Each structure stands twice: as C-alpha cells, then as structure tokens.
Amino acid sequence: MDPIRTTKIALKRLLLDRQRLLEPPIETDSQVEGKAPGDGMRQCVLDVIRQLEAVQIDPVAAVRANQHLALAARIAGYEPEALNALLRDHEVFEYIANAACILPMEDYPIFEPIRQRMRQQTQASIESLQPVIGQVLERLDREGPLPAKSFDSEQRVHGYWDDANATAKTKASSLALHLLTDAAEIRIVGREGNQRLFHTALRSVPAELLRASERIDPAEALDAMLRKYFRAFGVFEPSDPRFGWQRLSAQERRHAAARHVEAGTIVPVAVEGLKQPYYILASDRERLSMHETEAALSEDRPIRFLPPLDNLLWSRKRLEELFDFTYRWEIYTPAVKRTYGYYAMPILDGDRLIGRMDPRLDTKKRHLSVQLLQLEAGTAYNDRLRTRMELALDAFARTHGAETVSVERYAIEDTD
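Residues numbered from 1 in each chain as written. Predicted model: local features only at pLDDT ≥ 70, side-chain atom pairs only at ≥ 80, totals over all residues. Heavy atoms only, no water.

The protein carries the name Winged helix-turn-helix domain-containing protein in an unreviewed UniProt entry, which gives Paenibacillus sacheonensis as its organism.

If you want it as structure tokens, here you go:
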C-alpha cells in the first residue's frame, strides 16, 4: 500500500503521545477510598507500564535506577515503592524484551519462546554448575523469596561477564542465580535496597499463566510479541535489529513488516526529507491526523528529564531523524573523552529535545548536583525558559529525595 504522507512534527508528536510524554505528568492520589495508602500510585504505575508495554531496567543510579526515572518522567510524585509492590504481588515481571525490562504479568505466556531459547543457551552452563544449581533451587523452593546475599558459595568460577583468562572470582552461587534467572527457572520478585529477591517461577507465577505458557503455540506467541513491539515503539522501522525482540534477520524483519501491512495491522508513513518510511499502528491513523494541525503547545508545559534508557530513546536513528537530536550514553566512554557526562539525561520541552542534564544525587545531604546543564544551539535561554528550567530541576530533585539543587556548570550555545 502507498504510505501515508505526514509531517515530521505530526509523527514525533504521535510518538510522544504514545510514550505518555506529550501531556503533563499524571497526577494521582496516593490514597484511594476503601484501599490501603499508596494504592492509587501503584495502580497508576501499573497503568503506565501497560501503556508503555515495557520499561527498561538498569542498575546504574546517578540518581535512581532507569526504571524509576522513566516512570517519574510520566507520573507526578512517583514513588519507587509502588513498583516494588507490583513486583512483590506478581502484577509485573522482569525479563528480556528490548533488554531487561519490567513487563505486565499478563504478558508472561507470550515470552515462552524466548524462555525456551534461553534455556537451550544456558543448559550446558547450568549442568556444569551442579550441585550448586540444585542447592539454590531447593532452598528457594523451601524458603523463598530470598535475597542474593542468602547464597554464599565458597567456590569461585568464571561468570559469562568475566575475563576468561583472569583468576576466577565470581561466586558459584551468584552465577547460578544469573543462569537460572536467564532460563526463567527463578525470577526477581522484589527488591530491598540494592538486593534483589528471588523465588522459583513455579512458586511465584500465577498458575493460570504457567498453564497458558505450556499451551501457547510458538508462532502465535512470537506474533503476539511482534505486535507488542509495535505498540511499545509506536513509530518504528525494520532496520532496527531489535525489531520484534526476536533476533530476526534483516530480510525476516522486512517480511514481517510487509506481512502486517497486508494484514492491516500497521501502515507505512512517509515524511518529507526522510529516505525510508516509518510504520505506525493502523489504529493510530486518526491519532496521527489529530497531530497534523501543528498547533502550538502550551507555554506552561513542564520540562522533563529522560533517563538514558527511556523508551523514547530506544532508537537513536528515530531520535536523530524526528528530533534532530544526537544522543550517546557516555557511561562507557573514558572520563577524559566525555562531552556531556556519564549520566547525561536528555531534556524534553514539549515536542523538542533541547539539551542534556547530568545529575548526581547525594542521598545523605539530600542534595542534587547538576554537573552540567547543556542546551542545544538555537535554544533561547531567556527569562521564561530559565524559570521553567529551575522549576523542573526543583521538581525532579524533590521527586527523587533531594531538598536542594545546584548547577555546577552551564553549556548554553545560544542565548538570543
């Protein structure tokens, strides 16, 4: 079919709309009548995870972990305990999607082909790590959930993340937990500070979902996962190597897109100035049309700071083509070669990415220190933007437990 023709502004606003970043952060009452304190926030967090389809997990925390920062960018007054409660009560689960992600528990069955693949990949390593594997499983079955620190093996082995030529330093019990989690024999069911709580899948996944996982047809599951990817990305194209979250070849990705165009699931979209079309859900055609008016956004819109692995940033190509913004997470760049800082967070103002903010949180002093506040060329840092930026930094600090804020360095290229 011929592509729909639209503007870059309309397509990026559709993307922001689907990512829950176009409207102000959701306001929610932490107290719901007739329910325990915090239930309102907890339900809101679950609703947002379902809308986003997946939220990426990362342990690096210059302020808080990626999953908490991503949710806080969309929910006013976000409380991390709400996500921890959802994990404890088995309403969400952690597994591999875009990478390690938080996912709605009802999606557990469609990931069965991925679990089967991971079991095949880890089988030899799991067998070679006996009897430690059996001991971990037996103890979790008897006493779970348990934190990682409950398992302390004296045996040292090479983890798959270690240098094989170096002396073995990884505890056998630690490697066992990693392998069993990858194989979905056990899973993370909560967090206490930096400690992950583990339990067996058989004891923690709702029984009806385990039965559905056993019955699901692999082709049906993979197609459902592809559709989930479409919904998660909102605006996508098959050159993405993670297309469908299934390790498809370039030809398989193109064929999958063509098949779903023919089925009426997705439609191609052509944007002036871009060589290749993007795709959107067919059900979003009207939504796209609504954004084609290109009406000015409210001047009172809040400024947001997005973590390095936010859903909006999953495709660097899409970011450059639709937002004219180049982003690289510099965490693995040597310090002397960094331009913006190891945890630089893109700054979203309406439908524009206008710069980066590199924060550090001192939890003891309850102070947020911004190592660098950088604005892109063409961004006028006038009195109004300065005031809005200060309000946004103050709100960000308070949300994440700080009482004071300081900006150590500015990099503003255009103050006209």
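Picking up where we left off.
**Here's the deal with the pattern of salt bridges**
This structure, assessed with the given rule, holds 34 salt bridges. The partner of Asp223 in a salt bridge is Arg227, with the nearest N and O atoms 3.0 Å apart. Pair noted here: Asp223 and Arg227 are both in helix α10 (residues 218-233), with a separation of 4 residues, about one helical turn. Assessed through its relative accessible area of 33%, Arg227 is described here as partly exposed. Note that Arg388 and Asp349 form a salt bridge whose closest N and O atoms lie 2.6 Å from each other. Residue Arg388 is located in helix α14 (residues 383-399), and its partner Asp349 is located in strand β14 (residues 345-349); the two are separated by 39 residues in the primary sequence. Take Arg388 and Asp349: they sit in the same class, and that class is buried. Beyond isolated ion pairs, a larger network of salt bridges with shared partners links Asp17, Arg18, Asp284 and Arg287. (Salt bridge = Lys/Arg side-chain N within 4 Å of Asp/Glu carboxyl O. Helix = DSSP H or I, 4+ residues; strand = E, 2+ residues; numbered from the N terminus. Buried < 20%, exposed > 50% of the residue type's maximum accessible area, 1.4 Å probe, protein only.)

**Looking at the environment of Pro25**
Inspection of the secondary structure assignment puts Pro25 in the loop between α1 (8-18) and α2 (39-52). Classification of Pro25 as partly exposed rests on a relative accessible area of 22%. For the pair formed by Pro25 and Leu71, sequence separation is 46 residues and the distance between their alpha carbons is 9.6 Å. Setting aside anything within four residues of it in sequence, one finds Pro25 in contact with Ala73, Arg74, Ile75, Ala76, Pro302 and Arg304. (Contact = heavy atoms within 4.5 Å.)

**What to know about the pairing of strand β3 (residues 92-96)**
Here β3 lies mainly inside the structure; 4 of its 5 residues are buried. As judged from the 5 bridges shared by β3 and strand β4 (residues 100-104), these two strands associate in the antiparallel manner. The residue bridging Ile96 from the neighbouring strand is Ala100, located in β4. Here β3 folds back onto β4 in antiparallel fashion, the turn holding 3 residues. (Pairing = 2+ DSSP bridges.)

**Topic: α1**
When you tally the buried positions in α1, you get 9 out of 11 residues, the bulk of the element. What α1 keeps buried is the set Ala10, Leu11, Lys12, Arg13, Leu14, Leu15, Leu16, Asp17 and Arg18. Arg20 sits one or two positions beyond α1 and adopts a positive phi of about 60°.

**Concerning the sheet that holds β3**
Reading across from one edge, β2-β4-β3 is the order of the 3 strands in this open sheet, with antiparallel pairing throughout. In this open sheet, the two edge strands, each paired with only one partner strand, are β2 (55-56) and β3. Note that β2 and β4 share 2 bridges and pair antiparallel. Bridging across to β4, Val55 finds its partner in Ile102. Its contacts with the sheet put α2 on β2, β3 and β4, and the angle it makes with β4 is roughly 110°. (Axes fitted to C-alpha atoms, helices over the stretch in contact; angles between N-to-C directions.)

**A word on helix α7 (residues 172-182)**
Here α7 lies mainly inside the structure; 9 of its 11 residues are buried. Those residues of α7 that fall on the buried side of the exposure criterion are Ala172, Ser173, Leu175, Ala176, Leu177, Leu179, Leu180, Thr181 and Asp182. Of the residues trailing α7, Ala184 is marked for its positive phi of about 65°.

**With respect to the layout of surface pockets**
One number sums up the size of the largest pocket: a volume of about 950 Å³. Forming the walls of the largest pocket are 29 residues, and the residues nearest its centre are Ile57, Pro59, Gln67, Arg191 and Arg196. A total of 4 residues in the lining of the largest pocket trace back to one element, the largest contributor, which is α7. Class assignment of the residues belonging to the lining of the largest pocket gives a composition of 15 nonpolar, 8 polar and 6 charged. In this structure, the second largest pocket spans a volume of roughly 480 Å³. What lines the second largest pocket is a set of 25 residues, among which Pro25, Pro302, Ile303, Ala392 and Ala395 lie closest to the centre. Elements supplying a minimum of two residues to the lining of the second largest pocket: α3 (66-72), β13 (303-305) and α14. The element that contributes the greatest number of residues to the lining of the second largest pocket is α14, accounting for 9 residues. Among the residues making up the lining of the second largest pocket, the classes are represented as 13 nonpolar, 4 polar and 8 charged. (1 Å grid on protein atoms, 1.4 Å probe; cavity = no way out; pocket = protein on both sides within 12 Å on 5 of 7 lines; lining within 4 Å. Points joined across faces, edges and corners; volume = space filled by probe spheres on them. Nonpolar A, V, L, I, M, F, W, Y, C, P; charged D, E, K, R; others polar.)

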